[in-house]
Each structure stands twice: as structure tokens, then as C-alpha cells.
Amino acid sequence: MILTVTANPSIDRTIELDGPLHPGGVHRTHSVGDQPGGKGVNVARAVTAAGMDAIALIPARPNDPFVGHLDRVGLPRAAVDIAGDVRVNLTLAAPDGVTTKVNAPGARIDDDEAATLTATVVELAAGADWLALCGSLPPGLPSSWYVDLVTRLAGSGVRVAVDTSGSPLTLVASARPDLMKPNAEELAELTGADAAALEATAADGDPSAAADASARLAADTGGAVLTTLGGSGALLATGDGVWFATAPTVRVRSTVGAGDSSLAGYLIAERRGGDEAARLRHAVAYGSAAAALPGTTPPTPDLVDETAVSVTRLS
């Protein structure tokens, strides 16, 4: 079973515009839709759609509209009751695939709620193969919360994947999780590299700078590093080497949640016994399929085309 933790879930409201976004202008909408969101929720949805067991742990009161959205998509969940409301995040999607995000800070978690959430993570992790700690932390949880969890669960048998940003990301690297999933900007933040240079060289077909930074991070953590590079593909670095995968050409509708689907694709392939190349290929295929879908819709297996992904082991 894969347990995902989304400490700061959201109702993802996607507004598809009929033309490019112009600040200060008046726009018409093509469609508006709400989905249950948050990185861990997106991962769990993709994993369960592939026929594997997953549970999404979230803080939310029983009658929060967010819980109703989870029920409608049929996602197995565990919820910790809190007083606040799950936030609503807004995505403005232009026809050319450019998305603009407006994210709320989230409901504040008090000390008692935080203690219950932590205890629930530890309890459920005892029955999981993977624990995926995903997304930002809400007000009330310290930046060290992920570090504390990884440290507490060390030696318990559960493997830990982390997909976050900012200070929670820079702090958790020291706890040596089994898998980290940065994008180029986050990789640069962790390694001191130049984010713009990493993206530019990868877009030009030369992933060597990003590969070097990924390899250094993998050596520091002792785990795997899955670095997503958007339309340029992705890298997987482990103690055994570095692999690079190109992304297939797709008509991009929304990049929101594509990285979450990449993490899901990796975990699905890993649970099926795939080697590094297979895990990376599956991750890129899943992320690309998600980018072609509206909002944060996770791809189903019939939409995932692994044959369009080329994987190369780098020297």
C-alpha cells in the first residue's frame, strides 16, 4: 500500500480561458471545474486508477466540501478532523497551455491537531510500503515537520518519498529520504546550481548540468532523485548511475499536477519491480499524460504511452 500525506490539501478550481491571460483585462471562461487537490491526493488518485492500493491522509473536518469531492472520485482516505476549512486554489488555464496559479495559505493547524496528524501518519505508515510526503505545509506546522517524520520513521521498514518546496524541502534533505522529486528550480535550491541554466541546457538537449546536480543530491541523501524538467523530460539519479528520459510531444492543457503524476508513475513502476529505466520511463509517460488533461485530472493507464518515451543511461 502507498500512503500519501497532504498536510495542506485544496479544492482545485480550474478556469479555462478562451484566450491568453491579460492582467487587468476582462476574460471569458471556456469552462470551470472543481477537483480535490494537493500533491499527495493527486498521487493517490493516479495510483488507485492504476489498480494499486493507496490511501490519502488529509486534515479536514467530516463535512468539509473537500471531503465530498474525495467521495465523488472514490479515493480511499483517512482524515484528521480540524476546525478550519480546506482552502480553494485557483488555476487560470489559457488555450496555449500556460497556467497561472493563485494559491491560498490553507487552514491553520493547532497543536492538538498537529499531534493527531503526526500520530496518524506514524500509525498508517506501519502498514505501507511507501509513504509519500507531498506539498506545502499549512500554517501551524513547522518547516521541520517532514524532517521529524522521516527521522521518526527511520528503520520502520516504510520507504519515504518527498515532494515539496521551500524550507521544508531544504530541511528534509538532511534526513536522507529514500526518494526526492524536485523540479529544476527546487534542484537548484538544494544544490546551489543555477535553475535557469539547468532548464535552458536541458531544453537544448543537454541534460548534463541537471544530471550532475541530481547525482550530487542522490549522493548526499543516499536515495533516489527524480528530477522533472517539464517538456524537456526528466532525470533519475541513484547510487548506480543517472538516466535521462525525453518527454513526448503533447498538446498541453494544464501543467498543474503533472509532477505529481510523474511521482505516481515512478511509484507504480517500482511496485511492479521495474528497474531504474522502467521507473523513469513510467514517470515521464505519466507526467506527459497528465499535462494533456484539464486541471489536475490524473491520467488513467489507457492514456499513458510509454512507447513514446526514450530513456538513456548517462555516463
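Refer to the structure presented above.
Which residues make up the overall build of the protein, and what values go with them?
Check the secondary structure of the protein and you find ten helices and 14 strands. For 315 residues, the compact-globule formula gives about 20 Å, and the C-alpha radius of gyration of the protein, at 18 Å, lands near that figure. Projecting the C-alpha coordinates of the protein onto the three principal axes gives extents of approximately 55 × 50 × 35 Å. Within the protein, contacts between residues at least 6 apart in sequence are counted, and of these 65% link residues at least 24 apart. Here the protein displays about 12,900 Å² of accessible surface, and carbon together with sulfur accounts for 50% of that area. Considering the protein, the positive charge centre built from 22 side chains and the negative charge centre built from 36 side chains are found 4 Å apart.

Outline the pairing of strand 4 (residues 54-59), supporting the account with residue identities and numerical values.
Judged by how many residues are buried, strand 4 sits mostly within the fold: five of six residues are covered. Relative to strand 4, strand 1 (residues 2-6) is paired through four bridges, and the arrangement is parallel. Counterpart to Thr4 in the pairing with strand 4 is Ala56. In this region the chain leaves strand 4, passes through helix 2 (residues 65-73) and returns to the parallel neighbour strand 5 (residues 77-80); the handedness of that crossover is right-handed.

Describe helix 4 (residues 145-153), and please don't skip the residues or the numbers.
All of the buried residues in helix 4 are Trp145, Tyr146, Val147, Leu149, Val150 and Leu153. Of the surrounding elements, those touching the buried residues of helix 4 are strand 1, helix 3 (111-125), strand 8 (130-134), strand 9 (159-163) and helix 5 (166-172). Phi turns positive one or two residues past the end of helix 4, at Gly155, with a value near 85 degrees.

Before we move on, could you go through helix 6 (residues 184-191) and cite the residues and values that matter?
Among the residues making up helix 6, those that are buried are Ala184, Glu186, Leu187, Ala188 and Thr191. Residues of helix 6 that are buried in the fold lie against helix 5, helix 7 (195-203), helix 8 (208-221) and strand 11 (224-228). Between the side-chain oxygen of the N-cap and the backbone nitrogen of Glu185 there are 3.2 Å, and the N-cap of helix 6 in question is Asn183. With its phi angle positive at about 85 degrees, Gly192 sits one or two positions after the end of helix 6.

Account for the pattern of salt bridges, with residues named and values stated.
For the structure on display, the rule yields eleven salt bridges. A salt bridge links Glu16 to Arg253; its shortest N-O distance comes to 3.0 Å. In this pair, Glu16 is assigned in strand 2 (residues 10-17) and Arg253 in the loop between strand 13 (241-245) and helix 9 (258-271), connecting sequence segments 237 residues apart. With a relative accessible area of 10%, Glu16 lands in the buried category.

Lay out the environment of Pro59 in plain terms, naming residues and giving numbers.
Along the chain, the position of Pro59 falls in strand 4. C-alpha separation for the pair Pro59 and Leu117, spaced 58 residues apart in sequence, amounts to 7.2 Å.

Go over unusual backbone geometry, please, and point to the residues and values.
Positioned with a positive phi, Arg176 is a non-glycine residue whose angle comes to about 60 degrees. Considering the arrangement of structural elements, one finds Arg176 in the loop between helix 5 and strand 10 (179-180).

Describe the sheet that holds strand 10, and please don't skip the residues or the numbers.
Pairing in this open sheet of ten strands is mixed, and the strands run 5-4-1-8-9-10-11-12-13-14 from one edge to the other. Of all strands in the sheet, those with a lone pairing partner are strand 5 and strand 14 (311-314), marking the two edges. Relative to strand 9, strand 8 runs parallel, the two sharing five bridges. Bridging from a neighbouring strand, Leu131 pairs with Val160 of strand 9.

Explain the sheet that holds strand 7 (residues 99-102) residue by residue, including any values.
Taken in spatial order, the four strands line up as 3-2-6-7 in an open sheet, and their pairing is mixed. Only two strands of the sheet have a single neighbouring strand rather than two, namely strand 3 (29-37) and strand 7. Ignoring which end each strand starts from, the neighbouring axes of this sheet average 20 degrees apart. The pairing of strand 6 (residues 87-93) with strand 7 spans four bridges and is classified as antiparallel. Bridged to Thr91 within strand 7 is Lys101. Where helix 2 meets the sheet, it contacts strand 2 and strand 3, and its direction lies at approximately 90 degrees from that of strand 3.

An account of the packing of helix 6 against helix 8 is requested, with residue identities and associated values reported.
Running from N to C, helix 6 and helix 8 point in directions that differ by 55 degrees, and their axes come no closer than 10 Å. Comparing their axes, helix 8 and helix 6 come out oblique. Seen along the crossing, helix 6 lies across helix 8 with a hand that is left-handed. Residues Leu187, Leu190 and Thr191 of helix 6 touch helix 8, and the partners they reach there are Ala210, Ala213, Ser214, Arg216 and Leu217. Along the lines of polarity and charge, the residues of the contact of helix 6 with helix 8 split into five nonpolar, two polar and one charged.

Rules of the game
Residues numbered from 1 in each chain as written. Predicted model: local features only at pLDDT ≥ 70, side-chain atom pairs only at ≥ 80, totals over all residues. Heavy atoms only, no water. Helix = DSSP H or I, 4+ residues; strand = E, 2+ residues; numbered from the N terminus. Rg over C-alpha atoms; globule rule 2.2 N^0.38 Å. Contact = heavy atoms within 4.5 Å. Areas by Shrake-Rupley, 256 points an atom, 1.4 Å probe, with all protein chains shown as cover. Lys, Arg positive; Asp, Glu negative; His and termini not counted. Charge placed at Lys NZ, Arg CZ, Asp CG, Glu CD. Buried < 20%, exposed > 50% of the residue type's maximum accessible area, 1.4 Å probe, protein only. Pairing = 2+ DSSP bridges. Right-handed = clockwise from strand over helix to strand, strands pointing away. Polar contact = N/O pair within 3.5 Å; in protein donor to acceptor, adjacent residues only side chain to side chain. Salt bridge = Lys/Arg side-chain N within 4 Å of Asp/Glu carboxyl O. Axes fitted to C-alpha atoms, helices over the stretch in contact; angles between N-to-C directions. Parallel < 35°, antiparallel > 145°, perpendicular 65-115°, else oblique. Left-handed = near helix turned anticlockwise from the far one by under 90°. Nonpolar A, V, L, I, M, F, W, Y, C, P; charged D, E, K, R; others polar.

Shape descriptors only; they carry no functional weight alone.
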